[in-house]
Amino acid sequence: MSSKVLFGFHAVGVRLKTAPQSVIEVYYEATRRDARMRQFLERAKEANVRLIEADALRIAKLAGTHGHQGVAARVEPVQQARSLDDLLDAVEGPPLLLVLDGVTDPHNLGACLRVADGAGAHAVIAPKDHAVGLNATVAKVASGAAETVPYFMVTNLARTLGELKERNIWCIGTSDDAPRTLFQADLKAPVALVLGAEGAGMRQLTRKTCDELVSIPMRGAVESLNVSVASGICLYEALRQRS
């Protein structure tokens, strides 16, 4: 398996904490001597990883961006659940899944993964087409959640939703024109929350495949929310109902 690059204090720090053996080497900007860098280097030394001094330009070339905070790491992929079926077989209690139909902005995906981690979602599912993969920008925005939340890209989203239904997982889609609100839905049962892309919303077939549609109440002038904000509201309402 080929190595990949993580950058930023959060993304690299979470990998050092959760799977230090997978870190091949860490590059750090030697001219940064602030408290955050000192703490980071202490953690890296405790994890016994190889540390390499580098200048900002070399780290930027490795990370593919200048927004790397002076830290990048080459890492081996961490073995997550090989398939959605494997993951669902291992889940204890009612599954909570986030399904994203056509999220193409890496910043939005990163934020969705971060909120999925925070709310304890078991996985995020997206179609292989009309979606963004787990690139370095996603990992940076996700602040480590790209490492902890399984992300499954499936060939046929409608078929996957059908398979979830066969497992008695209720598929709830979000739509501005739904008759009931999110707060009226029962999210304590096994549930997959389905959200559409920025602007376009869910595709027609995805919408039809959902068991139920709900809306997020909007009291102001704007008609819709960013997909990562909407994901946060939906997942934390599920967490609230389950607590």
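- In the annotation of an unreviewed UniProt entry, the protein chain is listed under the name 23S rRNA (guanosine-2'-O-)-methyltransferase RlmB and assigned to Ramlibacter algicola.
- On record in UniProt, under Sequence similarities (unreviewed entry), the comment for the protein chain is "Belongs to the class IV-like SAM-binding methyltransferase superfamily. RNA methyltransferase TrmH family. RlmB subfamily."

1. Regarding the overall build of the protein chain
Thought 1: The helix and strand inventory of the protein chain stands at 10 helices and 11 strands.
Thought 2: For 243 residues, the compact-globule estimate of 2.2 N^0.38 gives 18 Å, and the protein chain sits close to it at 19 Å.
Thought 3: Overall, the protein chain is about 55 × 45 × 35 Å in size when its C-alpha atoms are taken along their principal axes.
Thought 4: The buried share of the protein chain, reckoned over its 243 residues, is 48%.
Thought 5: A separation threshold of at least 6 residues defines the contact pool for the protein chain, and within that pool the share at least 24 residues apart is 81%.
Thought 6: Counting every atom, the protein chain has about 12100 Å² of accessible surface; 49% of that belongs to carbon and sulfur.
Thought 7: Computed over 28 positive and 27 negative side-chain charges, the separation of the two mean positions in the protein chain equals 4 Å.

2. A closer look at the sheet that holds strand β2 (residues 23-29)
Thought 1: The mixed open sheet is built from four strands, whose spatial order is β1-β4-β2-β3. Unpaired on one side and paired on the other, β1 (4-7) and β3 (50-54) mark the two borders of the sheet. Direction aside, neighbouring strands of the sheet carry axes that sit 25° apart on average.
Thought 2: Relative to strand β4 (residues 71-75), β1 runs antiparallel, the two sharing four bridges. The residue bridging valine 5 from the neighbouring strand is arginine 74, located in β4.
Thought 3: This element, helix α1 (residues 9-18), spans β1, β2 and β4 of the sheet and lies at about 115° to β1.

3. What about the pattern of salt bridges?
Thought 1: By the definition in use, this model includes 11 salt bridges.
Thought 2: Of the charged contacts, one joins arginine 32 and aspartate 34 as a salt bridge, the two residues approaching to 2.7 Å between their closest N and O atoms.
Thought 3: For aspartate 34, a relative accessible area of 28% puts it in the partly exposed group.
Thought 4: Its salt-bridge partner being glutamate 212, residue arginine 180 comes within 2.8 Å of it at the nearest N-O pair. Note that arginine 180 is positioned in strand β9 (residues 180-181) and glutamate 212 in strand β11 (residues 212-215), a separation of 32 residues in sequence.
Thought 5: What makes arginine 180 partly exposed here is its relative accessible area of 35%.
Thought 6: We classify glutamate 212 as buried; its relative accessible area is 15%.
Thought 7: Through salt bridges that share partners, Glu25, Arg50 and Arg74 make up one connected network.

4. Overview of the UniProt feature "binding site: S-adenosyl-L-methionine" (unreviewed entry) in the protein chain
Thought 1: Here, UniProt's "binding site: S-adenosyl-L-methionine" (unreviewed entry) annotation points to Gly196, Ile216 and Leu225. Across 30 residues in sequence, these annotated residues keep their C-alpha atoms within 13.1 Å of one another, forming a single compact spot.
Thought 2: Counting through the fold element by element, glycine 196 comes out in strand β10 (residues 191-196).
Thought 3: For glycine 196, a relative accessible area of 12% translates into the label buried.
Thought 4: Once residues within four sequence positions are removed from consideration, glycine 196 is found in contact with Asp101, Val103, Gly201, Met202 and Val227.

5. Observations regarding the environment of leucine 235
Thought 1: Mapped onto the fold, leucine 235 is located in helix α10 (residues 227-242).
Thought 2: Here leucine 235 falls in the buried class, since its relative accessible area comes to 0%.
Thought 3: Distance in space between the C-alpha atoms of leucine 235 and leucine 97 is 8.7 Å, their sequence separation being 138 residues.
Thought 4: Those residues in contact with leucine 235, other than ones at most four positions away along the chain, are Leu96, Leu98, Val115, Ala116, Ala119, Ala121 and Leu193.

Cut-offs and rules
- Residues numbered from 1 in each chain as written.
- Predicted model: local features only at pLDDT ≥ 70, side-chain atom pairs only at ≥ 80, totals over all residues.
- Heavy atoms only, no water.
- UniProt positions renumbered as here; feature names shortened; annotations may be inferred.
- Helix = DSSP H or I, 4+ residues; strand = E, 2+ residues; numbered from the N terminus.
- Rg over C-alpha atoms; globule rule 2.2 N^0.38 Å.
- Buried < 20%, exposed > 50% of the residue type's maximum accessible area, 1.4 Å probe, protein only.
- Contact = heavy atoms within 4.5 Å.
- Areas by Shrake-Rupley, 256 points an atom, 1.4 Å probe, with all protein chains shown as cover.
- Lys, Arg positive; Asp, Glu negative; His and termini not counted.
- Charge placed at Lys NZ, Arg CZ, Asp CG, Glu CD.
- Pairing = 2+ DSSP bridges.
- Axes fitted to C-alpha atoms, helices over the stretch in contact; angles between N-to-C directions.
- Salt bridge = Lys/Arg side-chain N within 4 Å of Asp/Glu carboxyl O.

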